[in-house]
Amino acid sequence: MPLWLQAGLWGLLAGSALLVGAAAGYAFRLPTRLIASVMAFGAGVLISALSFDLMDEAFHQGGFTPTALGFVAGASLYSAANVALSRRGAKHRKRSGGKQPSEAEHGGSGMAIAVGALLDGIPESIVIGVSLIAGGAVSLVAVVAVFLSNVPEGLSSAAGMKQAGRSRGYVFGVWGGIALISGLASLLGYVVFRGFDPSVVAGTTAVAAGAILAMLADTMMPEATEGAHELTGLITVAGFLAAFMLTKLGG
């Protein structure tokens, strides 16, 4: 199977977790504490993956300067886009506790939430495709980390969308579309960057890592902290440890 197709399929697999989470969040009335706990675990998984897999790989490929510049650039770009979308009604797109505005409360918020969800998923997907460039094999740690973090993202956001009165078609249309775009982004991550210098690939990986960390701080951790309260730290550590073990076992 050609590597570009593998990249797309791995990205699609990781993105499909959004649909799994969305189905659970929409079909069942899950306790807010449970949703927040799963969100905290997913945040811990991503923090570990970007620390020990993404940033470490970027540093070894391109050195400190491209890695540092890419990391800051990724966080800056994500934060700027997130601020713009938040002002259009997407601030609480990952919240499950009734904070998402309905279309009547904030016109255009539905589209902003959809674009915001897409913004959150693109960096993760690109990383999966780029990971194939170095050794011709995907980083299973990256795939597993993104999959595990996507489940709570889809779950929490879909529960919030339902409470805001959004239709079943809207909810599953958003997450189904993002799952498909995740596969495409992963494919493009491989195709576009495979011919570039290692320092460029390193910078791209770091850009994605910076965007992911900014996303965690802006959208995932607030939901986790608000719902899980005093257990947030412990659950996040459990997610971090799970991904850390995957990194070491896969290394």
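Residues numbered from 1 in each chain as written. Predicted model: local features only at pLDDT ≥ 70, side-chain atom pairs only at ≥ 80, totals over all residues. Heavy atoms only, no water.

## Section: the overall build of the protein
So, point 1. When you go through the protein residue by residue, the secondary structure sums to eight helices and zero strands.
So, point 2. Put simply, the protein runs from its N terminus to its C terminus through helices and strands in the order α-α-α-α-α-α-α-α.
So, point 3. By the burial criterion, 49% of the 251 residues in the protein qualify as buried.
So, point 4. For the protein, the exposed area adds up to about 10700 Å²; of that, 71% sits on carbon and sulfur atoms. (Helix = DSSP H or I, 4+ residues; strand = E, 2+ residues; numbered from the N terminus. Buried < 20%, exposed > 50% of the residue type's maximum accessible area, 1.4 Å probe, protein only. Areas by Shrake-Rupley, 256 points an atom, 1.4 Å probe, with all protein chains shown as cover.)

## Description of the packing of helix α1 (residues 3-27) against helix α5 (residues 140-163)
So, point 1. Orientation of α1 relative to α5, taken along the N-to-C sense of each, is 30°, at an axis distance of 6 Å. When the axis of α1 is compared with that of α5, the two are roughly parallel. By crossing handedness, the relation of α1 to α5 is classed as right-handed. On α5, the residues that touch Trp10, Leu13, Ala14, Gly15, Ser16, Ala17, Leu18, Gly21, Ala22, Ala24, Gly25 and Tyr26 of α1 are Leu140, Val143, Val146, Phe147, Asn150, Val151, Glu153, Gly154, Leu155, Ala158, Ala159 and Lys162.
So, point 2. Here the contact of α1 with α5 is built from residues that sort into 16 nonpolar, six polar and two charged. (Axes fitted to C-alpha atoms, helices over the stretch in contact; angles between N-to-C directions. Parallel < 35°, antiparallel > 145°, perpendicular 65-115°, else oblique. Left-handed = near helix turned anticlockwise from the far one by under 90°. Contact = heavy atoms within 4.5 Å. Nonpolar A, V, L, I, M, F, W, Y, C, P; charged D, E, K, R; others polar.)

## Comments concerning the packing of aromatic side chains
So, point 1. Applying the stated criterion to the full structure yields four aromatic pairs.
So, point 2. Note on Phe52 and Phe240: the rings are 5.7 Å apart at their centroids and 75° apart in plane angle, and the pair reads as edge-to-face. Remark: Phe240 occurs in helix α8 (residues 232-250) and Phe52 occurs in helix α2 (residues 32-62); sequence separation between them is 188 residues.
So, point 3. Under the relative-accessibility criterion, Phe52 is labelled partly exposed at 31%.
So, point 4. These aromatic residues form a ring-pair network of at least three members: Phe52, Phe240 and Phe244. (Phe/Tyr/Trp six-rings, centres within 6.5 Å; stacked < 30°, edge-to-face > 60°.)

## Considerations on the nonpolar core
So, point 1. By size, the foremost hydrophobic cluster in this structure holds 23 residues, and its most contacted members are Leu46, Leu50, Leu54, Ile212, Leu216 and Met220.
So, point 2. When contributions to this core are tallied by element, the ones reaching two or more residues are α2 and α7 (198-228).
So, point 3. Examining the composition of this core, we find that 11 residues originate from one element, α7, more than from any other.
So, point 4. Once residues within four sequence positions are removed from consideration, Leu54 is found in contact with Ala49, Val127, Thr205, Ala209 and Ile212. (Core = buried A, V, L, I, M, F, W, Y, C linked by side-chain atoms within 4.5 Å.)

## Quick look at α5
So, point 1. Along its 24 residues, α5 runs 35 Å from first to last C-alpha, staying within 8% of the 34 Å computed at 1.5 Å per residue.
So, point 2. In terms of burial, α5 is a largely internal element, 17 of the 24 residues being buried.
So, point 3. Following α5 by one or two positions, Gly165 adopts a phi angle in the positive range, close to 90°. (Expected span 1.5 Å × (residues − 1).)

## Observations regarding the UniProt feature "transmembrane region" (unreviewed entry) in the protein
So, point 1. Feature annotation in UniProt places "transmembrane region" (unreviewed entry) on residues 6-27, 34-52, 64-85, 128-148, 169-193, 199-219 and 231-250, given in this structure's numbering.
So, point 2. In the segment residues 169-193, helix accounts for 100% and strand for 0%; the C-alpha atoms at its two ends are 35 Å apart.
So, point 3. Taken end to end, residues 199-219 is 100% helix and 0% strand, and its first and last C-alpha atoms sit 30 Å apart. (UniProt positions renumbered as here; feature names shortened; annotations may be inferred.)

## Some points on the packing of α5 against helix α6 (residues 168-193)
Each packed pair of helices is defined by two parameters, the angle between the axes and the distance between the axes.
So, point 1. For the pair α5 and α6, the least separation of the axes is 10 Å and the interaxial angle reads 155°. As far as their axial angle goes, α6 and α5 are roughly antiparallel. Every pair of crossing elements has a handedness; the one defined by α5 and α6 is right-handed. Packed against α5, whose contacting residues are Glu153, Gly154, Ser157, Ala158 and Met161, the element α6 presents Tyr170, Val171, Val174 and Trp175 at the interface.
So, point 2. For the contact of α5 with α6, a count of residues per class yields six nonpolar, two polar and one charged.

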